[in-house]
Amino acid sequence: MEEKALEVYDVIRTIRDPEKPNTLEELDVVTEKCVEVQEIGEDEYLIIIKFSPTVPHCSLATLIGLCLQVKLERCLPFKHKLEIYISEGTHSTEEDINKQINDKERVAAAMENPNLRDIVEQCVTEPDD
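- The protein chain has the name Cytosolic iron-sulfur assembly component 2A in an unreviewed UniProt entry, where Umbra pygmaea is given as its organism.

Side note on the sheet that holds strand β1 (residues 35–41)
Argument step 1. In space, the three strands of this open sheet follow the order β1-β2-β3, with mixed pairing throughout. The open sheet has two edge strands, β1 and β3 (79–86), and neither has a second partner. When the angles between neighbouring strand axes are averaged without regard to direction, this sheet yields 20°.
Argument step 2. With eight bridges connecting them, strand β2 (residues 44–51) and β3 associate as parallel partners. Bridge pairing links Leu46 to Lys81 in β3.
Argument step 3. Relative to β3, helix α2 (residues 61–75) is tilted by about 165°, and along the sheet it contacts β2 and β3.
Argument step 4. The sheet strands contacting helix α3 (residues 94–101) are β2 and β3, and the helix crosses β3 at an angle near 160°.

Some remarks on the packing of aromatic side chains
Argument step 1. Under the criterion given, the structure shown has one aromatic pair.
Argument step 2. Where Tyr45 meets Phe78, the ring centres are 5.3 Å apart and the plane angle is 75°; that geometry is what we call edge-to-face. You can see Tyr45 sitting in strand β2 and its partner Phe78 sitting in the loop between α2 and β3, a full 33 residues away along the chain. An identical accessibility class is assigned to Tyr45 and Phe78; each is buried.

Definitions and limits used
- Residues numbered from 1 in each chain as written.
- Predicted model: local features only at pLDDT ≥ 70, side-chain atom pairs only at ≥ 80, totals over all residues.
- Heavy atoms only, no water.
- Pairing = 2+ DSSP bridges.
- Helix = DSSP H or I, 4+ residues; strand = E, 2+ residues; numbered from the N terminus.
- Axes fitted to C-alpha atoms, helices over the stretch in contact; angles between N-to-C directions.
- Contact = heavy atoms within 4.5 Å.
- Phe/Tyr/Trp six-rings, centres within 6.5 Å; stacked < 30°, edge-to-face > 60°.
- Buried < 20%, exposed > 50% of the residue type's maximum accessible area, 1.4 Å probe, protein only.

Structure follows, in structure tokens:
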């Protein structure tokens, strides 16, 4: 599973922060340790990501979760289920945000908003795309 976890990490580490010119990896929002992969069926995996916002009141934590969702859905070559959480104790409203970023309907609605979609695209696009 470690190989799959590294594959997942490779996809998310280059996502750019919505406010800063840095990647999530550079800001320690995501690390190799924040990715867990479990096999749940033949060639199907559960991916659990626990990210840490830069500050406990980060207003963009939901947007970062959305970027993680979008990039992984687009880039992973294997069948998977995805759970994204804020690392326990790293954000003041982590429970609410965890519910939002794991609600498929809310994610779909957010991606229908042209402004949000543009921001997500800027964050998930590789520099040489």
